[in-house]
Amino acid sequence: MRYRPFGANGTRVSAITLRLSEPSPLRAKEVEALIGAALATGVNSFLIDAASPDLLQGAAKAFATVDRRNLFLGWRLREQTSALSREIIERMMTLVVESLGVDDLDLVLINDPQGAQLPPDAALALKALKGRRAIRDLGVASRSSIDPDLLAPGLFTALASPFNLSSGWAERDRIRAVAAQGLAVMGEDVWPQSLREAAATPQTPRPSLWRRRSDPLADVGGYDFLNHTPGWSAQEICLAYALTEPVLATVQITAESPAQIQRLAQVVERELPDGVSAQIELARFSAQERERAATRL
Ligand code: C2E
Ligand code: C2E
């Protein structure tokens with residue numbers, strides 16, 4: 001496993017974060033085994049994205065086997081930000097203490113408020129928890145642009161943003177600008193739905209006779225290589241690519257079995273094969289060109 005600094009406060013997180021979410025078919029024992037397998041590969045960063053009793057029970061048992069100081073624990077508040085209140089935040093902390101068995105969280109992520117402020121009583125409650133170090137970093141999870149005043153030095157110190165090999169310049173610029181401000185950035189959606197679907201229905205390569213020889217992009221336009229790179233699955237290539245982005249402190253993954261987490265953790269130690277990075281750039285370039293052509297029509 002590799003570790004990277006999470007923002008300016010010196011915390012070190014594993015390059016991958018295991019996101020624990022619902023709907024999950026896993027019972028408490030299986031959650032415990034999954035987290036145990038992640039810990040064994042060196043993963044120290046976990047994001048609770050659903051507070052189901054099974055999930056919390058399994059997680060509590062697994063976390064109890066490790067010194068709390070060696071864990072980076074995040075919690076995703078799924079409530080709409082406009083509805084955030086002191087009660088919701090207090091309820092979260094009660095679950096953290098009583099069900100997860102820890103006193104504090106390293107990161108709390110909330111939805112992009114689409115404005116410069118949080119509801120005042122929620123902001124006060126979060127400030128108080130940060131003040132007594134029950135929450136270390138507070139992050140905004142967003143897929144679009146964020147009001148700069150919201151990220152002005154103060155309450156927020158982290159961002160969770162999609163990043164994957166089909167990310168356009170807007171997404172890339174956004175995470176770089178935020179990282180330059182000193183915020184920690186967590187990558188997510190590293191294996192996006194569109195590429196997952198493409199991997200599930202691989203296309204038969206067209207015979208070369210069908211291609212226009214004059215078209216410089218005819219051979220390179222697609223993401224077919226995701227399914228044709230020996231020794232690599234599409235998901236592994238997508239993860240390895242996200243790990244090459246230096247501004248990401250860590251990237252979220254999900255896994256359903258110890259074997260899957262072991263396979264994904266190994267990707268952290270692997271280099272993308274020669275040529276794959278070039279194929280990714282060409283596929284992105286072709287996609288951009290197609291998009292541009294479509295908007296010209
Ligand atoms: P919402 O759940 O109220 O989320 C509002 C905005 O918060 C989202 O706007 C996005 O910018 C941010 N956000 C929420 N959850 C996440 C997250 O896990 N990661 C990141 N990076 N940002 C997050 P957006 O993307 O325009 O979505 C608008 C609405 O569309 C969402 O409202 C939700 O109702 C739905 N939606 C979007 N993506 C998903 C998804 O992957 N799954 C589900 N179930 N609903 C989604
Ligand atoms: P999910 O709802 O099952 O969505 C799985 C994946 O489908 C998402 O992975 C994302 O790649 C894609 N997706 C689904 N709906 C949308 C959408 O409206 N916009 C975009 N840009 N992508 C979409 P991802 O982003 O890693 O999210 C994982 C899970 O986190 C989602 O599973 C959902 O449970 C939750 N989530 C993410 N974003 C939101 C959100 O904005 N609102 C809510 N309520 N849940 C979200």
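(A) How the structure looks around the pattern of salt bridges. For the structure shown, the criterion picks out 13 salt bridges. Linking Arg86 and Glu90 is a salt bridge whose minimum nitrogen-to-oxygen distance equals 3.8 Å. Linking Arg86 with Glu90, this pair stays in helix H3 (residues 86-100), spanning four residues, or about one helical turn. Using a relative accessible area of 32% as the deciding quantity, one classes Arg86 as partly exposed. One salt bridge in this structure joins Glu236 and Arg263, with 3.5 Å as the shortest N-O distance. One end of the pair, Glu236, is in helix H7 (residues 234-243); the other, Arg263, is in helix H8 (residues 258-267), with 27 residues separating them in the sequence. When its relative accessible area of 8% is taken as the criterion, Glu236 is described as buried.

(B) A look at the packing of aromatic side chains. Under the defined criterion, the tally for this structure stands at three aromatic pairs. The interplanar angle of 50 degrees and the centroid separation of 4.7 Å between the aromatic rings of Phe6 and Phe72 together place this pair among those described as tilted. Pair noted here: Phe6 is in strand S1 (residues 3-6) and Phe72 is in strand S5 (residues 72-76), with a separation of 66 residues, a long-range link. Over the ring of Trp169 we find Arg172, and its NZ or CZ is 6.0 Å from the ring centre. Note that Arg270 overlies the ring of Trp232, its terminal NZ or CZ placed 3.8 Å from the centroid.

(C) Broad picture of unusual backbone geometry. The residue Gln114 is not glycine, and still its phi comes out positive at about 55 degrees. Turning to its location among the elements, Gln114 is positioned in the loop between strand S6 (105-111) and helix H4 (120-131). Overall, the relative accessible area of 64% leaves Gln114 in the exposed class. Phi is positive for Arg133, close to 60 degrees, though the residue is something other than glycine. Mapped onto the elements of the fold, Arg133 is located in the loop between H4 and strand S7 (135-141).

(D) The arrangement of the site of ligand 2 in detail. Near ligand 2 you find Arg19, Arg78, Arg143, Asp189 and Gln193, and these make up its full shell. Contact between ligand 2 and Asp189: an oxygen atom at 2.6 Å from a side-chain N or O atom of the residue. Measuring from an oxygen atom of ligand 2, one finds a side-chain N or O atom of Gln193 at 3.0 Å. Protein contacts shield 45% of the accessible area of ligand 2, which totals 770 Å² for the unbound molecule. Grouping the constituent residues of the shell around ligand 2 by class yields no nonpolar, one polar and four charged.

(E) Layout of the site of ligand 1. In the vicinity of ligand 1, the contacting residues are Arg76, Arg78, Gln80, Asn111, Asp112, Ala141, Ser142, Arg143, Ala160, Pro162 and Glu188. For ligand 1, whose free accessible area comes to 770 Å², the fraction covered by protein is 49%. Taken together, the residues that form the shell around ligand 1 break down as three nonpolar, three polar and five charged.

(F) Inspection of the side chain of Gln252 at higher detail. Within the fold, Gln252 resides in strand S10 (residues 248-253). Looking at Gln252, its side chain comes within polar contact range of the side chain of Glu188, at 3.1 Å. Setting aside residues up to four positions removed in sequence, Gln252 forms contacts with Thr17, Arg19, Leu47, Leu109, Met186, Gly187, Glu188 and Val190.

(G) Focus on the packing of H7 against H8. For the pair H7 and H8, the least separation of the axes is 9 Å and the interaxial angle reads 45 degrees. With respect to H8, the element H7 is oriented oblique. Crossing angle aside, the handedness with which H7 passes H8 is right-handed. Contacts between H7 and H8 involve Gln235, Glu236, Leu239, Ala240 and Leu243 on the former and, on the latter, Gln260, Arg263, Leu264 and Val267. Here the contact of H7 with H8 is composed, by residue class, of five nonpolar, two polar and two charged.

Rules of the game
Residues numbered from 1 in each chain as written. Chains lettered and ligands numbered in written order. Predicted model: local features only at pLDDT ≥ 70, side-chain atom pairs only at ≥ 80, totals over all residues. Heavy atoms only, no water. Salt bridge = Lys/Arg side-chain N within 4 Å of Asp/Glu carboxyl O. Helix = DSSP H or I, 4+ residues; strand = E, 2+ residues; numbered from the N terminus. Buried < 20%, exposed > 50% of the residue type's maximum accessible area, 1.4 Å probe, protein only. Phe/Tyr/Trp six-rings, centres within 6.5 Å; stacked < 30°, edge-to-face > 60°. Lys NZ or Arg CZ within 6 Å of the ring centre and 35° of its normal. Near = heavy atom within 4 Å. Polar contact = N/O pair within 3.5 Å; in protein donor to acceptor, adjacent residues only side chain to side chain. Areas by Shrake-Rupley, 256 points an atom, 1.4 Å probe, with all protein chains shown as cover. Nonpolar A, V, L, I, M, F, W, Y, C, P; charged D, E, K, R; others polar. Contact = heavy atoms within 4.5 Å. Axes fitted to C-alpha atoms, helices over the stretch in contact; angles between N-to-C directions. Parallel < 35°, antiparallel > 145°, perpendicular 65-115°, else oblique. Left-handed = near helix turned anticlockwise from the far one by under 90°.

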